[in-house]
Amino acid sequence: MKKFLLISLGFILCCLPLLGQEQGDSRIHVLGQYGLRMQEPGIGAGWEYFFSPQFGFMPNYTQLFPAVGKAGNFSADLRYYLSQGKSQVYVLTGYSLTTENTQPNAAGTRRSTSEANVGVGAVVPLTSWLGLSSEFKFQSQGIRQTYARFGLVLPINK
């Protein structure tokens, strides 16, 4: 059912143009990520809102797939876009909360850590309604892991 909803949302948004960052614009990001230190994959989604011509705020959630147990990560990142041309390059800083459960259905095995994020990334338009996103993000506290993230960007016009 989740896949059906995600595919339906993609088809609905296919008619919208992929615009640069203007105040009031927003975009949906569908991302896959890979933790470079612990080698754990993840998949997530986020929503980016441009509150200023070069500044975007992006809360996102990623479901991680560790070798044992369950884990998830919520991040809220502030992005500053260095360029507004064909390739939109940005730097980011933000906050993350990672929750892990190494033994599901057992008492006392859940752990949460707060982290600060820093990173760089780029959004490259593929068509007028779809873009490609790539990002390298380092979580400086807690598990201290660097993530490589790649995904698709779909605009939501105002």
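Rules of the game
Residues numbered from 1 in each chain as written. Predicted model: local features only at pLDDT ≥ 70, side-chain atom pairs only at ≥ 80, totals over all residues. Heavy atoms only, no water. Pairing = 2+ DSSP bridges. Helix = DSSP H or I, 4+ residues; strand = E, 2+ residues; numbered from the N terminus. Axes fitted to C-alpha atoms, helices over the stretch in contact; angles between N-to-C directions. Salt bridge = Lys/Arg side-chain N within 4 Å of Asp/Glu carboxyl O. Buried < 20%, exposed > 50% of the residue type's maximum accessible area, 1.4 Å probe, protein only. Phe/Tyr/Trp six-rings, centres within 6.5 Å; stacked < 30°, edge-to-face > 60°.

Student: Describe in detail the sheet that holds strand 4 (residues 70-81), supporting the description with residues and values.
Tutor: The antiparallel closed barrel is built from eight strands, whose spatial order is 1-2-3-4-5-6-7-8. Geometrically, the sheet is characterised by an average inter-axis angle of 25 degrees between neighbouring strands, direction not taken into account. The sheet contact formed by strand 1 (residues 26-35) and strand 8 (residues 146-156) spans 10 bridges and is antiparallel. Pairing of Leu31 across the sheet is with Gly151, part of strand 8.

Student: Which residues make up the pattern of salt bridges, and what values do they have?
Tutor: All told, the structure shown has six salt bridges when counted by the stated rule. Among the salt bridges present, the one from Lys137 reaches Asp77, with a minimum N-O distance of 3.1 Å. You can see Lys137 sitting in strand 7 (residues 131-139) and its partner Asp77 sitting in strand 4, a full 60 residues away along the chain. This pair shows no difference in class: Lys137 is buried, exactly as Asp77 is. When the shortest N-O distance is used, the salt bridge between Arg111 and Glu100 registers 2.4 Å. You can see Arg111 sitting in strand 6 (residues 110-125) and its partner Glu100 sitting in strand 5 (residues 88-101), a full 11 residues away along the chain. Exposure remark for Arg111: the relative accessible area of 45% places this residue in the partly exposed category. Each member of the salt-bridge network shares a partner with another, and the members are Arg27, Glu48, Arg79, Glu135 and Arg149.

Student: Help me get a handle on the packing of aromatic side chains, residues and values and all.
Tutor: Following the criterion strictly, the structure yields six aromatic pairs and no others. Between Phe136 and Phe150, the ring centres sit 6.5 Å apart and the planes meet at 85 degrees, which makes this aromatic pair edge-to-face. Linking Phe136 in strand 7 with Phe150 in strand 8, this pair joins segments that are 14 residues apart in sequence. Following the ring pairs from residue to residue traces out a cluster consisting of Phe50, Tyr81 and Tyr90.

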